[in-house]
Amino acid sequence: MTAAGDSVKNFSLSRKFKNPCWYNEEGSLNCLPYMYLVGIPKCGTTDLFGKIIAHPDFVRPIAKEPGWLSDKRFWPRYMKFGFQGFSQFFSPIAKALRTATEDQAHNWITGDFSINTLEGSHFWQYLGNNKGKMEPIENNPQYIYHMFHGTRIILSMHLRRGLYSVFLADYLSVFPRDQILVHRLEDMSDDREHVLNTTHVFLGLRPMSKADLELVSRGEHSNRRRQADVSIGDMWLSTRTLLYQFYKPFNEMLANLLKDSRFDYGLY
């Protein structure tokens, strides 16, 4: 299996750093994400991104959403750089770690917030052992694990955005349950401070002071619904019922996967 659909040389991660990084043959430091926020669109991911990167031990990547795993590695402008092109998105932490103290090296991390990662590669049929198959037998979960076994996976979801259980099952087949954190959009709206603190603990980030946590958690939500959309009014009950019935078996499966009844969404 290759993580990029091209030839990726094996590399030995340095034990000096918490974040997955390695020195190439020329002695230059390269890094990959410690965590992935894998989805879902319109489920508070931009808001969560802004909150996570505010932690002093989190080094912001060049781009919020490289999108490399799912499709951009096949774009002509990226293909010529191969796997090295992916690691360049995380060059800020590589640069910072070159002069970091031992304490900083053991705490600093970075991440990939591409919200299309959960759905898998758009070109899976050209990758690794998938060639000639009708369905993928390997996809983003396997590639992420292949690159760094200790990767942390975060998923933000909302009732009417997708069949989460189908995709989450793929990740749970590869990663231990304690390396996957799932947030509901409702929880982020109701108690951002709690969600943020839970995320920090999950990522092994040092606790922020109460004052700093309150400050970061404050403020308007990113990408809020436009007033023109809000003024349309609530969803029709008939539409809500139809959606509820469609998603019900998948939500039941999701609750079973996570062993958490909160994810078996009701009609309201």
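Residue indices follow the written sequence of each chain, beginning from 1 at its first position. Where totals are concerned, whole chains, interfaces and linings use all residues; where local detail is concerned, this predicted model gives features only for residues with pLDDT of at least 70, and gives and counts side-chain atom pairs only at 80 or more. As a rule here, side-chain values come from all non-hydrogen atoms in the structure, and water together with hydrogens is ignored.

1. Some remarks on the pattern of salt bridges
To keep it simple, the criterion reads: The term salt bridge refers to a side-chain nitrogen of Lys or Arg lying within 4 Å of a carboxyl oxygen of Asp or Glu. Comment: elements are numbered from the N terminus, with helices defined as DSSP H or I runs of at least four residues and strands as E runs of at least two. Three exposure classes are used, based on accessible area relative to the maximum for each residue type with a 1.4 Å probe and protein chains only: buried under 20%, partly exposed in between, and exposed over 50%.
Enumeration according to the criterion identifies 11 salt bridges in this entry. For K210, the salt bridge goes to E193, with nearest N and O atoms at 2.7 Å. You can see K210 sitting in helix α10 (residues 210-217) and its partner E193 sitting in helix α9 (residues 192-203), a full 17 residues away along the chain. Judged by its relative accessible area of 53%, K210 is exposed. For the salt bridge of E252 with K248, the shortest nitrogen-to-oxygen distance reads 2.9 Å. One end of the pair, E252, and the other, K248, are both in helix α12 (residues 237-258), 4 residues apart, so they sit about a helical turn from each other. The class of E252 is partly exposed, set by a relative accessible area of 31%. Each of R184, D187, D260 and R262 takes part in a single network of salt bridges with overlapping partners.

2. Overview of the nonpolar core
Cut-off, in case you're wondering: Only buried residues count toward a nonpolar core. Its members are Ala, Val, Leu, Ile, Met, Phe, Trp, Tyr and Cys residues joined through side-chain atoms within 4.5 Å. Here, residues are in contact when the closest pair of their heavy atoms is within 4.5 Å.
The biggest cluster of nonpolar side chains holds 31 residues, and the ones touching the most others in it are Y36, F86, I153, L155, M157, Y171 and V182. When sequence neighbours within four positions are dropped, the list of residues in contact with F86 reads L32, P33, Y36, W68, D112 and M147. Counting 19 residues, the second largest nonpolar core, distinct from the first, contains I52, F113, V195 and L205.

3. Digging into the packing of aromatic side chains
Selection rule: Aromatic pairing here means that ring centres of Phe, Tyr or Trp (its six-membered ring) are within 6.5 Å. Orientation follows from the plane angle: under 30 degrees is stacked, over 60 is edge-to-face, and everything else is tilted.
Enumeration according to the criterion identifies 17 aromatic pairs in this entry. Note on F74 and F123: the rings are 4.8 Å apart at their centroids and 45 degrees apart in plane angle, and the pair reads as tilted. In this pair, F74 sits in the loop between α1 (45-52) and α2 (76-79) while F123 sits in the loop between β4 (111-112) and α6 (140-147), placing the two residues 49 residues apart along the sequence. According to the relative accessible area criterion, F123 is partly exposed, its value standing at 29%.

4. Here's the deal with empty space enclosed by the protein
Cut-off, in case you're wondering: Every definition here rests on a 1 Å grid over the protein atoms only: cavities are sets of points where a 1.4 Å probe fits but cannot get out, pockets are open sets enclosed by protein on both sides within 12 Å along at least five of seven lines, and lining residues have some atom within 4 Å of a point. Grid points are joined across faces, edges and corners, and a volume is the space filled by probe spheres set on the points. Under the scheme applied here, ten amino acids are nonpolar (Ala, Val, Leu, Ile, Met, Phe, Trp, Tyr, Cys and Pro), four are charged (Asp, Glu, Lys and Arg), and all others, including Gly, are polar.
Summed over the entire model, instances satisfying the criterion amount to 1 cavity of 30 Å³ or more. Each pocket or cavity is described by its volume, and for the largest cavity that value is around 50 Å³. Forming the walls of the largest cavity are D47, L48, K51, M188, R192, V195 and L196. Secondary-structure elements contributing two or more residues to the lining of the largest cavity are α1 and α9. Tallied by class, residues from the lining of the largest cavity come to 4 nonpolar, no polar and 3 charged.

From the geometry alone we can't say anything about function, so treat these as descriptive.
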